[in-house]
Amino acid sequence: MISFKFLEDARLPALDGTLSPNTQSLLVEVLFWAISYTIFAQVFSRVFRAIYRRSKVWTHARERIGIFCGNGRDDSVLLTCFGIHHGSAAYLMYWGMVHDQPMTWRHGYLIETGFEVADLVAMTFSFYPYKHDGMKDDIKAALIVHHVPGIVLSAFVMETGLYENEHLQKIVLALLGGALVSCVCAVFTYSLDFKTQMTQAAFAYCLNILFFIWCRWYVYPIESFALI
């Protein structure tokens, strides 16, 4: 496991006396992950697009409407970026939960917070994917509603030490895991020819729905009641 000690020990000397050392390290880490995701998205969105141009995704997703973008081609690239991000965060959360390492789980959570900050910045300044990939206007509004509470809540979770609670850990991991599976199933579906591969498409769709229900309607309510 990679050590993130440098983030845990990070400080902003100019804020000494104003913010606690823990809060300073949180700000530094969120900024670190926000910049990292911004660079990743700007660079690898082009890499994934080049790869998908040579794959079935580009052929079959051409005339499909995207979830976030106006078409399936652009959507497959964006969902791949989202999926890798969600997968990285979920992996750290899972590792921290299984091995009783709350700080590792915390890093996974802050990766997600950094992404939310980065996405709001991209939306504000028209970085990828908001400039060239035809993001739907209604999706932008939904993402703002999604990101802002997540960013605000992260401060409460970290400052109170709630990230050490196993029930909260399971809740957040389930929600993030559900998002990861949705990204994977969507990109897989874009690669299919519905004329000859509708069985595979139906299987991926049902798998996604079942996992979503398990995360949102089983794990989430049970662990929420236990948390109370």
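Residues numbered from 1 in each chain as written. Predicted model: local features only at pLDDT ≥ 70, side-chain atom pairs only at ≥ 80, totals over all residues. Heavy atoms only, no water.

K.L.:
Help me get a handle on the overall build of the protein chain, residues and values and all.
P.N.:
Helix and strand counts for the protein chain stand at 8 helices and 0 strands. Compactness check: the protein chain gives a C-alpha radius of gyration of 19 Å against a globular reference of 17 Å for 228 residues, within 12% of the reference. Dimensions of the protein chain, computed from C-alpha atoms along their principal axes, come out at roughly 65 × 40 × 35 Å. Residues counted as buried form 44% of the 228 residues belonging to the protein chain. In the protein chain, the proportion of contacts linking residues at least 24 apart, taken out of those at least 6 apart, comes to 68%. Carbon and sulfur atoms provide 68% of the accessible area of the protein chain, an area that totals close to 12400 Å². Computed over 17 positive and 19 negative side-chain charges, the separation of the two mean positions in the protein chain equals 13 Å. (Helix = DSSP H or I, 4+ residues; strand = E, 2+ residues; numbered from the N terminus. Rg over C-alpha atoms; globule rule 2.2 N^0.38 Å. Buried < 20%, exposed > 50% of the residue type's maximum accessible area, 1.4 Å probe, protein only. Contact = heavy atoms within 4.5 Å. Areas by Shrake-Rupley, 256 points an atom, 1.4 Å probe, with all protein chains shown as cover. Lys, Arg positive; Asp, Glu negative; His and termini not counted. Charge placed at Lys NZ, Arg CZ, Asp CG, Glu CD.)

K.L.:
Report on the packing of aromatic side chains, specifying residues and quantitative values.
P.N.:
A full pass over the atoms with the stated rule returns 14 aromatic pairs. Measuring from centroid to centroid gives 5.7 Å for Phe6 and Phe32, while their planes differ by 80 degrees, and the two rings are edge-to-face. Taken together, the residues span a long stretch of sequence, with Phe6 in helix 1 (residues 5-8) and Phe32 in helix 2 (residues 21-52) at a distance of 26 residues. Taking relative accessible area as the criterion, Phe32 reaches 31% and is therefore assigned partly exposed. (Phe/Tyr/Trp six-rings, centres within 6.5 Å; stacked < 30°, edge-to-face > 60°.)

K.L.:
So what about the pattern of salt bridges? Which residues, and what values?
P.N.:
Opposite charge on two side chains makes pairing possible when the charged atoms of those side chains draw close. Tallied over the entire structure, the rule returns 3 salt bridges. Notably, a salt bridge pairs Asp9 with Lys5, separated by 3.9 Å at the nearest N-O pair. Judged by its relative accessible area of 46%, Lys5 falls in the partly exposed class. In this structure, the salt-bridge partner of Asp137 is Lys140, at a minimum N-O distance of 3.8 Å. Here Asp137 and its partner Lys140 are both found in helix 6 (residues 137-159), 3 residues apart, which amounts to about one turn of the helix. Among the residues examined, Asp137 registers a relative accessible area of 60% and is labelled exposed. On the basis of relative accessibility, which here comes to 24%, the residue Lys140 falls in the partly exposed class. (Salt bridge = Lys/Arg side-chain N within 4 Å of Asp/Glu carboxyl O.)

K.L.:
Break down the side chain of Gln169 for me, with residues and values.
P.N.:
Tracing the sequence through the fold places Gln169 in helix 7 (residues 166-190). When residues no more than four places from it in sequence are discounted, the contact partners of Gln169 are Met97, Pro102, Trp105, Tyr163 and Glu164.

K.L.:
Break down unusual backbone geometry for me, with residues and values.
P.N.:
Cis geometry is found at the peptide bond from Tyr128 to Pro129, where omega equals 5 degrees. Among the secondary structure elements, Pro129 is positioned in the loop between helix 5 (102-125) and helix 6. With phi around 55 degrees, Asp100 is a residue other than glycine that occupies positive phi space. Relative to the elements of secondary structure, Asp100 occurs in the loop between helix 4 (72-98) and helix 5. Taking the relative accessible area as the measure of exposure, Asp100 reaches 66% and is therefore exposed. Despite not being glycine, Ser126 shows a phi value in the positive range, around 60 degrees. Among the secondary structure elements, Ser126 is positioned in the loop between helix 5 and helix 6.

K.L.:
Report on the environment of Val157, specifying residues and quantitative values.
P.N.:
Tracing the sequence through the fold places Val157 in helix 6. Here Val157 falls in the buried class, since its relative accessible area comes to 3%. Considered as a pair, Val157 and Phe44 are 113 residues apart in the sequence and their alpha carbons are 31 Å apart. When residues no more than four places from it in sequence are discounted, the contact partners of Val157 are Tyr109, Leu162, Tyr163 and Leu168.

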